[in-house]
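So you can see what is in the structure, the chains are spelled out below.
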Amino acid sequence: MRKHLRHHRVLSVLQAAAAAACLAAVRPAAAQAQAPGAAVARPLASAEEALLLVNAQRAAGAHCGGEWQPPAPPLRWHAAMEAAATEHLHDVAARGLLSHDGSDGSTVGGRIRRHGYVWGGVGENLAAGHRSAARTLEQWLRSPAHCRTLMQGNYRDMALVGHEVPGSRHGAWWALVLARPLQ
């Protein structure tokens, strides 16, 4: 048991280091991506925190509606997904409606393609109400479909964006975008 825990800690440290390196490479470009209304919204989690939370859960595996999803590879932060998630988060907050369809008729695939990511598979989780990334992740883990999206083993890239939007219906809004490149 002690050997297993030590192995898990080493794996967690290695995953955190890899995530930080990937994030450092894309963070300046992602910081430039501004969505309409971004000036009034307040971020609820750093990209680093979001990436570490998601990758820790993927490394642990999960029971999604009674079905075991084995551990999945760690994800990398991607600036195009961050821009698409931020754009959609502000759109749904402005409408007060959790919907995967944008007010312009866009889908998650179309939104990340619009920001330059050519995907071979894509998923999106949305949530509202919780002010912490950890609580939002717990909410998704209790939903079989959201849990399976989070644990999908062939995704390679992600962004998880959470903003407090003053005056909006739920206050706190979250968008998680996951994808794998086309090639």
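Further up the page is the structure itself.
Because the structure is predicted, anything quoted here is derived from the model rather than measured.

Draft legend 1. Local environment of the state of the cysteines. In total, this model carries one disulfide according to the counting rule given. Disulfide partner of cysteine 64: cysteine 147, at an S-S distance of 2.0 Å. Negative torsions about the S-S bond denote left-handed disulfides, and the value of about -60 degrees found for cysteine 64 with cysteine 147 makes this one left-handed. Taken together, the positions of cysteine 64 in strand β2 (residues 62-64) and cysteine 147 in helix α6 (residues 144-151) put the pair 83 residues apart, joining distant regions of the chain. Of the two residues, cysteine 64 and cysteine 147, both sit in the buried class.

Draft legend 2. Region of the structure containing the nonpolar core. The biggest cluster of nonpolar side chains holds 45 residues, and the ones touching the most others in it are Met158, Leu160 and Trp174. The dominant element in this core, judged by the number of residues it contributes, is strand β7 (residues 172-181), at eight residues.

Draft legend 3. Inspection of the pattern of salt bridges at higher detail. Tallied over the full model, the rule gives eight salt bridges. Here aspartate 104 and arginine 114 are joined by a salt bridge, their closest N and O atoms 3.1 Å apart. Highlighted residues: aspartate 104 in the loop between α3 (79-95) and α4 (108-114) and arginine 114 in helix α4, separated in sequence by 10 residues. Between arginine 135 and glutamate 138 there is a salt bridge, with its nearest N and O atoms 4.0 Å apart. One end of the pair, arginine 135, and the other, glutamate 138, are both in helix α5 (residues 133-142), three residues apart, so they sit about a helical turn from each other. Judged by relative accessible area, which is 45%, arginine 135 ranks as partly exposed. In this structure, a network of salt bridges that share partners links the residues Arg42, Arg131 and Glu164.

Draft legend 4. The arrangement of helix α2 (residues 47-60) in detail. Between the first and last C-alpha of α2 there are 20 Å, a value that for 14 residues agrees with the 20 Å anticipated at 1.5 Å per step. What α2 keeps buried is the set Ala47, Ala50, Leu51, Val54, Asn55, Gln57 and Arg58. Relative to the axis of α2, the buried residues are bounded by an arc of 160 degrees and lie together on one face. Within two residues after α2, glycine 61 carries a phi angle of roughly 80 degrees, on the positive side.

Draft legend 5. How the structure looks around the packing of α2 against α5. Contact pair α2 / α5: the axes reach a minimum separation of 10 Å and the direction vectors enclose 35 degrees. Once α2 is placed against α5, the crossing between them reads as right-handed. Within the contact between the two elements, α2 uses Glu49, Leu53 and Gln57 and α5 uses Ala133, Ala134, Leu137 and Leu141. Residues that form the contact of α2 with α5 fall into these classes: five nonpolar, one polar and one charged.

Draft legend 6. Spatial organisation of the pairing of strand β6 (residues 157-164). Taken across its eight residues, β6 has seven buried, putting it largely inside the fold. Across two bridges, strand β1 (residues 42-43) lies against β6 in antiparallel orientation. By the bridge assignment, proline 43 is partnered in β6 with histidine 163. Here eight bridges tie β6 to β7, and the two strands are oriented antiparallel to one another.

How each quantity is defined
- Residues numbered from 1 in each chain as written.
- Predicted model: local features only at pLDDT ≥ 70, side-chain atom pairs only at ≥ 80, totals over all residues.
- Heavy atoms only, no water.
- Disulfide = S-S within 2.5 Å.
- Helix = DSSP H or I, 4+ residues; strand = E, 2+ residues; numbered from the N terminus.
- Buried < 20%, exposed > 50% of the residue type's maximum accessible area, 1.4 Å probe, protein only.
- Core = buried A, V, L, I, M, F, W, Y, C linked by side-chain atoms within 4.5 Å.
- Salt bridge = Lys/Arg side-chain N within 4 Å of Asp/Glu carboxyl O.
- Expected span 1.5 Å × (residues − 1).
- Arc of directions from axis to C-beta.
- Axes fitted to C-alpha atoms, helices over the stretch in contact; angles between N-to-C directions.
- Left-handed = near helix turned anticlockwise from the far one by under 90°.
- Contact = heavy atoms within 4.5 Å.
- Nonpolar A, V, L, I, M, F, W, Y, C, P; charged D, E, K, R; others polar.
- Pairing = 2+ DSSP bridges.

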